[in-house]
Each structure stands twice: as C-alpha cells, then as structure tokens.
Amino acid sequence: MDERVKYLKELRNAYKTKDIVTQLSDFKMITNSLFKLTQSLFDNNEKFKYFYTELENKYFRYGIANQSIAKLMGGNKFKLIELDIKITDLFSIFSLTRMQIESYALMFYLFYEGVTATEKDFRYDIYKLNGLIKQSKFKVKTEISIGKKNKILEEIETIKQKITQYETFKNSSEKQQKEMLNPKKAMLNLSRELLTKSGLESSRIDEMWALYSNYAHSEYISDRQFNSIYKINKSTLEETILALNINSIITAKLCIFLCNSFEGVMKKYNELDTKERVHIEIWNKMYN
C-alpha cells in the first residue's frame with residue numbers, strides 16, 4: 001500500500017470513529033511540525049521584511065498554547081474532597097481555542113493577507129501603536145518606571161509620525177486618520193471578516209469563535225452549556241473533538257502559510273515525515 005494512502009486511511013478512520021486518543025496524538029504531531037518549520041526560519045537565517053518582525057514570536061507562542069490545549073484534552077486529575085477526579089476542563093479548552101482563533105486571524109492579517117508589503121508595514125505600525133498606547137496608560141510611581149514610560153511615549157510619537165507618511169493614511173478621511181493615530185483595536189479589520197478571507201468561510205470556526213467568547217468572558221451561555229455537557233449528557237467527547245478539529249485546521253493552515261512565504265521553510269517541510277505532511281495537507285483543506 002502507498003505510504004500516503006495508508007496515512008490518509010488512518011486519518012479518515014480516526015476522524016469518522018471519533019478516536020480522540022489517535023486524533024490527540026496526531027494534533028501533537030502537527031504542533032511539533034509547526035515548531036520544526038518555525039525553527040527553520042532561525043536555522044536558515046531568514047532575512048525578514050519589517051512586517052514580519054513578530055513572526056517567530058507569534059508562531060512559538062501559538063505552538064506553546066497548542067501544547068497547553070493538548071494537555072487539557074488529556075484530562076485533569078485532582079482530588080475533590082475525598083474523591084479522585086479526572087475530568088476534561090472544556091471551559092479552559094474553549095477559552096484557549098478562542099485565543100488561538102484570534103491569534104490565527106491576527107497572523108493572517110499581519111503576514112499573509114494578499115495586500116502589498118507597504119500595506120502590511122502600515123498594519124504592523126497600527127498594531128504596534130495600539131499596544132504602546134495601552135501600555136502607556138499604566139500607572140507608574142518609581143523613577144525607573146517613569147523613565148520607561150517616557151521612552152514609550154517618545155516611541156508613540158515616532159510611530160505616529162511614520163504612520164502619517166503612508167498612502168493609506170493620506171487617502172483616508174479626517175475621521176479615519178484620527179482613529180488610525182489612536183487605534184482602539186490592534187486590527188483595522190474585523191476578526192470574522194479575516195476568518196472568511198483566510199479560507200475558513202465553509203467551516204463552523206467563525207461560529208465557534210463567537211460561541212467560545214461566552215466561556216472566555218464567563219457569560220450566561222457558558223452556564224447553560226455546563227449544565228448540558230456535565231449534568232445531562234455527562235460526556236465531553238463531542239465538544240472536545242470539535243475543538244480539537246478546529247485547532248488542527250488552523251494549525252495546519254499556519255504551517256502552509258509559512259511554507260508558501262519562505263523557500264527555506266518549504267525545503268524543511270519537504271523533509272518532514274510523510275505522515276506529518278499528509279496530516280498538514282488534509283487538515284489545511286478540511287473545510288475548504
């Protein structure tokens with residue numbers, strides 16, 4: 001049997017039978033693949049364009065969060081009064097999955113959407129300005145902290161001056177320009193819009209992104225879901241499988257985006273085991 005066909009059949013069987021153990025193992029594998037591809041950026045001494053400044057950091061942080069999700073899906077063991085308990089903490093999984101979807105949307109926005117390099121530079125400066133403005137609002141008391149804050153305020157003014165030189169800024173209305181120089185959000189586009197543009201329009205990921213916000217913010221729907229999952233159904237399998245599938249899809253897509261952006265990463269990708277490449281390729285196309 002062809003090696004690729006063998007792995008395709010194994011993947012399909014695990015998916016159809018909802019084999020959580022195999023699927024979780026496979027998720028850990030493609031997360032490890034993501035780490036390998038990210039490391040190849042350093043190994044190949046890639047020269048980054050300005051808008052790629054945070055690329056490596058974001059990929060490593062994304063991979064670390066994947067590891068946390070995988071551990072949670074394996075179940076938490078603890079003692080409750082006198083009972084030994086093992087339970088899947090779906091609330092934390094959902095909250096982390098929402099964070100990963102947000103990270104995916106942001107990474108697509110900063111690095112991969114089909115706009116010019118200059119536009120991506122502009123987006124990165126808006127993103128950076130938003131973060132610095134938030135940081136500058138923290139209260140400080142010590143001389144060291146005051147000195148750091150003053151440097152941040154100087155950096156804010158420098159970035160604002162830079163932003164005014166972009167054509168996107170010059171061609172915007174006065175109202176839009178004011179918003180650009182005091183951005184309330186890190187992205188000028190909506191996350192839902194970016195999820196569609198990135199190729200997830202046929203999936204339920206945008207719906208789950210909205211639903212999982214209820215867990216991140218501990219809203220009422222999360223209370224109802226708790227009663228349904230833990231008290232009525234008394235099973236977390238369906239919800240865990242769905243979250244696992246979502247994380248597998250967006251992880252695979254981030255791998256492919258990275259490969260298509262750097263020749264050295266594509267070379268490393270072609271050196272991965274056949275099983276790794278099969279899983280990345282299939283999950284990348286799962287809901288297209």
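Residues numbered from 1 in each chain as written. Predicted model: local features only at pLDDT ≥ 70, side-chain atom pairs only at ≥ 80, totals over all residues. Heavy atoms only, no water.

Caption draft 1: Representation of the overall build of the protein. When helices and strands are tallied, the protein shows 14 helices and two strands. Here the protein holds 288 residues, and the buried ones make up 43% of them. In the protein, the proportion of contacts linking residues at least 24 apart, taken out of those at least 6 apart, comes to 74%. A total of about 16,100 Å² of accessible surface is found on the protein, and carbon and sulfur atoms cover 52% of it. (Helix = DSSP H or I, 4+ residues; strand = E, 2+ residues; numbered from the N terminus. Buried < 20%, exposed > 50% of the residue type's maximum accessible area, 1.4 Å probe, protein only. Contact = heavy atoms within 4.5 Å. Areas by Shrake-Rupley, 256 points an atom, 1.4 Å probe, with all protein chains shown as cover.)

Caption draft 2: Structural view of the pattern of salt bridges. Tallied over the entire structure, the rule returns 11 salt bridges. Close ionic contact of lysine 197 with glutamate 113 constitutes a salt bridge, the shortest N to O distance being 3.0 Å. Here lysine 197, found in helix H9 (residues 191–200), pairs with glutamate 113, found in the loop between helix H4 (90–112) and helix H5 (117–136); they are 84 residues apart in sequence, far enough to count as distant. For lysine 197, a relative accessible area of 44% puts it in the partly exposed group. A salt bridge links glutamate 174 to lysine 178, with the shortest nitrogen-to-oxygen separation between them at 4.0 Å. Placement of both glutamate 174 and lysine 178 in helix H8 (residues 174–180) is noted, with a separation of four residues, approximately one turn of the helix. In this structure, glutamate 174 and lysine 178 share a single accessibility class: exposed. (Salt bridge = Lys/Arg side-chain N within 4 Å of Asp/Glu carboxyl O.)

Caption draft 3: Representation of the environment of tyrosine 7 within the structure. Secondary-structure assignment places tyrosine 7 in helix H1 (residues 3–16). Overall, tyrosine 7 belongs to the buried group, its relative accessible area being 13%. Placed 270 residues apart in sequence, tyrosine 7 and arginine 277 show a C-alpha to C-alpha distance of 9.9 Å.

Caption draft 4: Main features of the nonpolar core. Leu37, Leu55, Tyr59, Tyr112, Leu254, Leu258 and Ile280 are the most contacted members of the largest nonpolar core, which has 58 residues in total. Considering every element that reaches this core, the biggest residue donor is H4, with 13 residues. If you look at the next biggest cluster of nonpolar residues, it comprises 12 residues, including Phe122, Ile126, Ile133 and Tyr166. (Core = buried A, V, L, I, M, F, W, Y, C linked by side-chain atoms within 4.5 Å.)

Caption draft 5: Just the packing of helix H2 (residues 20–43) against helix H12 (residues 237–261), in detail. Packing of H2 against H12 brings their axes to within 10 Å, and their N-to-C directions diverge by 25°. When the interaxial angle is binned, H2 and H12 end up roughly parallel. Seen from above, H2 lies across H12 with left-handed handedness. Only Leu237, Thr240, Ile241, Leu244, Asn245, Asn247, Ser248, Thr251, Leu254, Cys255, Leu258 and Cys259 of H12 make contact with H2, whose side of the interface consists of Ile20, Gln23, Leu24, Phe27, Ile30, Thr31, Leu34, Leu37, Thr38 and Leu41. (Axes fitted to C-alpha atoms, helices over the stretch in contact; angles between N-to-C directions. Parallel < 35°, antiparallel > 145°, perpendicular 65-115°, else oblique. Left-handed = near helix turned anticlockwise from the far one by under 90°.)

Caption draft 6: Structural detail: the packing of H12 against helix H14 (residues 274–285). Two elements in contact, H12 and H14, have axes whose closest approach is 8 Å; the angle formed by their N-to-C orientations is 110°. Judged by the inter-axis angle, H12 sits roughly perpendicular to H14. Here Asn245, Ser248, Ile249, Ala252, Lys253, Cys255 and Ile256 of H12 come into contact with H14, specifically with Ile280, Trp283 and Asn284. When its residues are assigned to classes, the contact of H12 with H14 shows six nonpolar, three polar and one charged. (Nonpolar A, V, L, I, M, F, W, Y, C, P; charged D, E, K, R; others polar.)

Caption draft 7: Geometry of the confidence of the model for the protein. Averaged over every residue, the pLDDT of the protein is 89; residues scoring 70 or more account for 90%. Taking the mean pLDDT of every element in the protein, the minimum, 59, falls on helix H11 (residues 220–233) and the maximum, 97, on helix H7 (residues 167–170). (pLDDT = per-residue confidence, 0-100.)

Caption draft 8: Representation of H14 within the structure. With 12 residues, H14 ought to run about 16 Å at 1.5 Å a step, and its terminal C-alpha atoms sit 17 Å apart, in line with that. Along H14, the positions that sit buried rather than exposed are Thr274, Glu276, Arg277, Val278, His279, Ile280, Trp283 and Asn284. The inward-facing, buried residues of H14 abut H1, H2, H12 and helix H13 (263–271). (Expected span 1.5 Å × (residues − 1).)

Caption draft 9: Structural view of the side chain of serine 198. With respect to the secondary-structure elements, serine 198 resides in helix H9. Owing to a relative accessible area of 6%, serine 198 belongs among the buried residues under this scheme. Polar contacts involving the side chain of serine 198 include one to the side chain of tyrosine 104, which spans 3.0 Å. A distance of 3.0 Å separates the side chain of serine 198 from the backbone oxygen of leucine 195, its partner in a polar contact. Discounting chain neighbours no more than four positions away, the residues touching serine 198 are Tyr104, Phe108, Lys253 and Phe257. (Polar contact = N/O pair within 3.5 Å; in protein donor to acceptor, adjacent residues only side chain to side chain.)

Caption draft 10: Inspection of the environment of phenylalanine 108 at higher detail. Locating phenylalanine 108 in the fold gives a position in helix H4. Between the C-alpha atoms of phenylalanine 108 and serine 198, which are 90 residues apart in sequence, the distance is 6.9 Å. Setting aside residues up to four positions removed in sequence, phenylalanine 108 forms contacts with Glu113, Leu194, Lys197, Ser198 and Phe257.

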